[in-house]
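Geometric and topological summary
The lines below spell out each chain.
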Amino acid sequence: MRKPIIAGNWKMNKNPAEAKALVAELKPLVKDANCDVVVCVPATDFESVRTEIAGTNIHLGAQNVHFKESGAYTGELSADMLCSSGVEYVIIGHSERRQYFGETDATVNQRVLAAVKAGLKVILCVGEKKEEREAGYTDALVEYQTLIALTGLTDEQVSEVVIAYEPVWAIGTGLTATDEQANETIGVIRKGIERKYGKDVAEKVRIQYGGSMKPGNVKGLMAQPEIDGGLIGGASLKAADFSAIVNFDK
Ligand code: PGA
């Protein structure tokens, strides 16, 4: 049995004081969660969030990581910098990074390798655009994105990666993949992992759905056998909504 994992992706929202207030409100609401609870916050919020969640079941995440250990990379943060700031998880390859910041499958792979080497837990994002789904390329694309991103990891390391299947057309749009669509594509990702790494690894990997997940649709999505959690954008910015998603099984 895979333990569900619900992660918030705050994107470029909340200053340190707002961040502290949000997690302070969240703490009592998610304390009895049966899933892993993560908040991926802007780097400027690491310190205030880390202090506020100390001793709770909420885990700290970042939204990107650079692949070099140090050096002349203005504006970037290394995996070691994240670890030493109390960060446990890192989102890699989010579609907004692919769309606006020149992220490629090759750089996603480099980031994954650097993060895993440093001991960070990776949330790897994959997903198709609307025109790619309409052209019938979804399955081939998500399998390719997933396998290329994991290249160079051992079987054991792969089994610990969290994958977020996020159809690009469903992110921040209010459009959600149907429960069946999300389940089917996540099944395709798992089959791809099975072909390359074997059944044991494929059965262990947790695969989330992301894209306009909210309190109203979480139960249906989480009832699907392949879906092991959610990566939540907009709805993670409100304690009531995010906690309702975390408590989907109550
Ligand atoms: P959304 O974002 O929940 O606002 O659609 C999800 C994401 O981008 O991770």
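Here goes a summary of the coordinates provided. Keep in mind it's a predicted model, so treat the numbers as computed, not measured.

For the rest of this paragraph, the subject is the sheet that holds strand 3 (residues 58-62). The strand order 1-2-3-4-5-6-7-8 describes a closed barrel built from eight strands, whose pairing is parallel. Neighbour-to-neighbour, the strand axes of the sheet open up by a mean angle of 25°, direction not taken into account. By the bridge criterion, four bridges tie strand 1 (residues 5-9) to strand 8 (residues 229-232) in an arrangement that is parallel. Its bridge partner lying in strand 8, Ile 5 is registered against Gly 229. Packing against the sheet, helix 7 (residues 138-150) makes contact with strand 5 (121-126) and strand 6 (162-165), and its axis sits at approximately 150° to strand 5.

A few words now on the pairing of strand 4 (residues 89-92). Successive side chains on a regular strand alternate, one facing one side of the sheet and the next facing the other. Side chains Tyr 89 and Ile 91 of strand 4 all project onto a buried face; the interleaved residues Val 90 and Ile 92 project onto the opposite face, where all are buried too. By the bridge criterion, two bridges tie strand 3 to strand 4 in an arrangement that is parallel. Within strand 4, the position partnered with Ala 62 by the bridge is Val 90. Handedness of the crossover joining strand 3 and strand 4 through helix 3 (residues 79-84) is recorded here as right-handed. One ladder, built from four bridges, connects strand 4 with strand 5; its direction is parallel. Residue pairing across strands places Val 90 opposite Val 122, the latter belonging to strand 5.

With five of five residues buried, strand 2 (residues 36-40) is to be regarded as a mostly interior element. The alternating pattern of strand 2 places Asp 36, Val 38 and Cys 40 on one face and Val 37 and Val 39 on the opposite face, and all of these are buried. As defined by bridge partners, strand 1 adjoins strand 2 across five bridges and the pair is classed as parallel. Counted as the bridge partner of Asn 9 is Cys 40 from strand 2. Bridging between strand 2 and strand 3 involves four bridges; their strand directions are parallel. In the strand pairing of strand 3, Cys 40 is matched with Gly 61. Following the chain from strand 2 across helix 2 (residues 46-53) to the adjacent parallel strand 3, one finds a crossover that is right-handed.

Below, the discussion takes up the site of the ligand. Inspection of the region around the ligand gives 13 residues, with Lys 11, His 94, Glu 166, Gly 172 and Ser 212 positioned closest. Take Glu 166: an N or O atom from its side chain is 2.7 Å from an oxygen atom of the ligand. Residue Gly 233 places a main-chain N or O atom 2.8 Å away from an oxygen atom belonging to the ligand. Here the ligand loses 95% of its free accessible area of 290 Å² to cover by the protein chains. Here the shell around the ligand is built from residues that sort into four nonpolar, seven polar and two charged.

What counts, and where the lines are drawn
Residues numbered from 1 in each chain as written. Predicted model: local features only at pLDDT ≥ 70, side-chain atom pairs only at ≥ 80, totals over all residues. Heavy atoms only, no water. Pairing = 2+ DSSP bridges. Helix = DSSP H or I, 4+ residues; strand = E, 2+ residues; numbered from the N terminus. Axes fitted to C-alpha atoms, helices over the stretch in contact; angles between N-to-C directions. Contact = heavy atoms within 4.5 Å. Buried < 20%, exposed > 50% of the residue type's maximum accessible area, 1.4 Å probe, protein only. Right-handed = clockwise from strand over helix to strand, strands pointing away. Near = heavy atom within 4 Å. Polar contact = N/O pair within 3.5 Å; in protein donor to acceptor, adjacent residues only side chain to side chain. Areas by Shrake-Rupley, 256 points an atom, 1.4 Å probe, with all protein chains shown as cover. Nonpolar A, V, L, I, M, F, W, Y, C, P; charged D, E, K, R; others polar.

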